[in-house]
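A structural walkthrough
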Amino acid sequence: MAPLDTAAAGLTVTPLAHALGAEIVGVDINQAPSADLVAAIRSAWNRHHVIVFRGQQFEAAGMLRFAQAFGALDDHAATPFYRLEEYPQLLQITNRQIGGKPSETRNTGRNWHSDYSYTDHPAAASMLFCVERPPVGGDTMFCNMVRAYEELSPPLRAFLDGLDVVYDVGLTAGINERDPAKTAEVRRLNPPIAHPAVRVHPDSGLRALYVSERSSHFHGMTAAESRPLIDHLCAHATRPENVYRHVWRPGDLVCWDNRTTMHVALADFDQTKPRHMLRATLLGEKSGFVVG
Ligand code: OGA
Ligand code: MN
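Residues numbered from 1 in each chain as written. Chains lettered and ligands numbered in written order. Predicted model: local features only at pLDDT ≥ 70, side-chain atom pairs only at ≥ 80, totals over all residues. Heavy atoms only, no water.

Residues of strand β4 (residues 91-94) alternate between two faces, with Leu-91 and Ile-93 on one and Gln-92 and Thr-94 on the opposite face, all of them buried. Sheet analysis places β4 next to strand β17 (residues 276-282), joined by 4 bridges and oriented antiparallel. Bridge pairing in β17 places Leu-91 opposite Arg-279. (Buried < 20%, exposed > 50% of the residue type's maximum accessible area, 1.4 Å probe, protein only. Helix = DSSP H or I, 4+ residues; strand = E, 2+ residues; numbered from the N terminus. Pairing = 2+ DSSP bridges.)

Right, dumping it as structure tokens:
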């Protein structure tokens with residue numbers, strides 16, 4: 001697939017790191033995007049895996065229309081808390097109080113993961129809008145799972161090509177410190193599920209490693225056999241040279257492809273300071289088989 005001419009669509013695409021990530025200038029997300037604009041953005045997105053739009057205004061309907069131009073949206077029924085009441089397709093990732101209590105999404109994403117890997121419809125992509133951020137920190141890091149896969153030795157790639165890996169929502173960092181009733185519901189909705197350890201991107205055909213810190217074991221292998229390999233693959237994938245670190249500004253919309261990247265939300269900030277974000281999630285294909 002030849003990359004489209006992003007310049008012809010009026011876009012400037014500037015890489016933000018060697019491994020992945022690019023800033024796109026020339027888009028107002030609250031204007032209905034033309035088919036050509038969507039195609040040009042998609043082309044840059046498939047190439048850079050994480051794309052960043054800065055200086056945007058938050059408008060729920062505008063963000064949803066923009067997100068929907070790239071595919072059907074998830075209504076977040078797998079984690080049915082902290083959605084916007086009017087717009088269940090927008091999930092609040094926030095340390096604001098919600099319903100008189102600090103939101104439990106304040107600690108979302110504290111280990112390396114791909115969104116909704118523990119469901120039967122792992123997310124295709126996510127778009128996160130920053131409304132408010134602390135004075136310093138609260139950064140998010142992303143790594144390139146296509147490079148991670150390509151940089152493995154051929155025998156290890158061949159071994160992983162034939163494996164399924166089990167995802168367990170219980171391996172979400174900090175889940176045991178959350179409200180037991182909500183946690184029980186999320187576990188009930190999302191029993192451990194096996195997905196291919198190598199995910200093939202439906203547009204680009206690129207093969208990407210699909211193993212994370214939320215993986216418990218390889219299906220058919222013991223935990224003892226699996227653990228060192230999962231740990232090795234996570235360490236390999238998240239080497240600093242394979243990472244882009246995003247320092248947020250209010251008005252940023254960061255979009256990541258969950259099929260070709262992992263991310264982690266850093267707790268590198270003062271939690272008494274506000275951090276407020278909204279996420280739209282693009283539905284991925286049905287995948288996997290429940291193992292327990
Ligand atoms: C997410 C997530 C990252 C962040 O929304 O999927 O992991 O930095 N959050 O809040
Ligand atoms: Mn996430």
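Bound to the manganese ion (ligand 2) are the protein donor atoms His-113 (NE2), Asp-115 (OD) and His-263 (NE2), situated 2.1 to 2.2 Å from the metal. Every donor residue of the manganese ion (ligand 2) comes from the same chain, spaced as H-x1-D-x147-H. In terms of burial, His-113 and Asp-115 fall into one category: buried. (Donors = N, O, S within 2.8 Å, 3.2 Å for Na, K, Ca; no water.)

With that settled, the discussion passes to the packing of aromatic side chains. Inspection of the entire model under this criterion finds 8 aromatic pairs. Considering the side-chain rings of Trp-45 and Phe-70, the 5.6 Å spacing of their centres and the 80° angle between planes classify their relative orientation as edge-to-face. With Trp-45 in helix α1 (residues 35-48) and Phe-70 in the loop between α2 (60-68) and β4, this pair connects stretches of sequence that are 25 residues apart. Overall, the relative accessible area of 8% leaves Phe-70 in the buried class. Arranged with centres 5.4 Å apart and planes meeting at 65°, the rings of Phe-66 and Phe-70 form a pair that is edge-to-face. By way of ring pairs, the aromatic residues Trp-45, Phe-53, Phe-66 and Phe-70 are connected into one cluster. Residue placement shows Arg-275 over the ring face of Phe-269; its charged tip is 5.9 Å from the ring centre. Lying over the aromatic face of Tyr-116, Arg-279 brings its terminal NZ or CZ to 5.6 Å of the ring centre. (Phe/Tyr/Trp six-rings, centres within 6.5 Å; stacked < 30°, edge-to-face > 60°. Lys NZ or Arg CZ within 6 Å of the ring centre and 35° of its normal.)

What the 4 strands build is an open sheet, ordered β13-β9-β10-β18; its pairing is antiparallel. Two strands lie at the open edges of the sheet, namely β13 (215-218) and β18 (289-290), each paired on one side alone. Relative to β18, strand β10 (residues 193-196) runs antiparallel, the two being bridged by 2 bridges. Of the residues in β18, the one forming a bridge with Ala-194 is Phe-289.

As a further point, take the site of ligand 1. Close to ligand 1 lie Ile-93, Thr-108, Gly-109, His-113, Asp-115, Leu-128, Thr-140, Trp-256, His-263, Ala-265, Arg-275 and Arg-279. In the model, an oxygen atom of ligand 1 is placed 2.9 Å from a nitrogen or oxygen of the Asp-115 side chain. Note that an oxygen atom of ligand 1 is positioned 2.5 Å from one of the side-chain N or O atoms of Thr-140. Residues of the shell around ligand 1, tallied by class, amount to 4 nonpolar, 5 polar and 3 charged. (Near = heavy atom within 4 Å. Polar contact = N/O pair within 3.5 Å; in protein donor to acceptor, adjacent residues only side chain to side chain. Nonpolar A, V, L, I, M, F, W, Y, C, P; charged D, E, K, R; others polar.)

Across the sheet, 3 strands lie side by side as β14-β8-β16; this open sheet has antiparallel pairing. Two strands close off the open sheet at either side, each with one partner strand: β14 (243-246) and β16 (261-265). Strand-to-strand twist of the sheet, defined as the mean angle between neighbouring strand axes without regard to direction, takes the value 20°. (Axes fitted to C-alpha atoms, helices over the stretch in contact; angles between N-to-C directions.)

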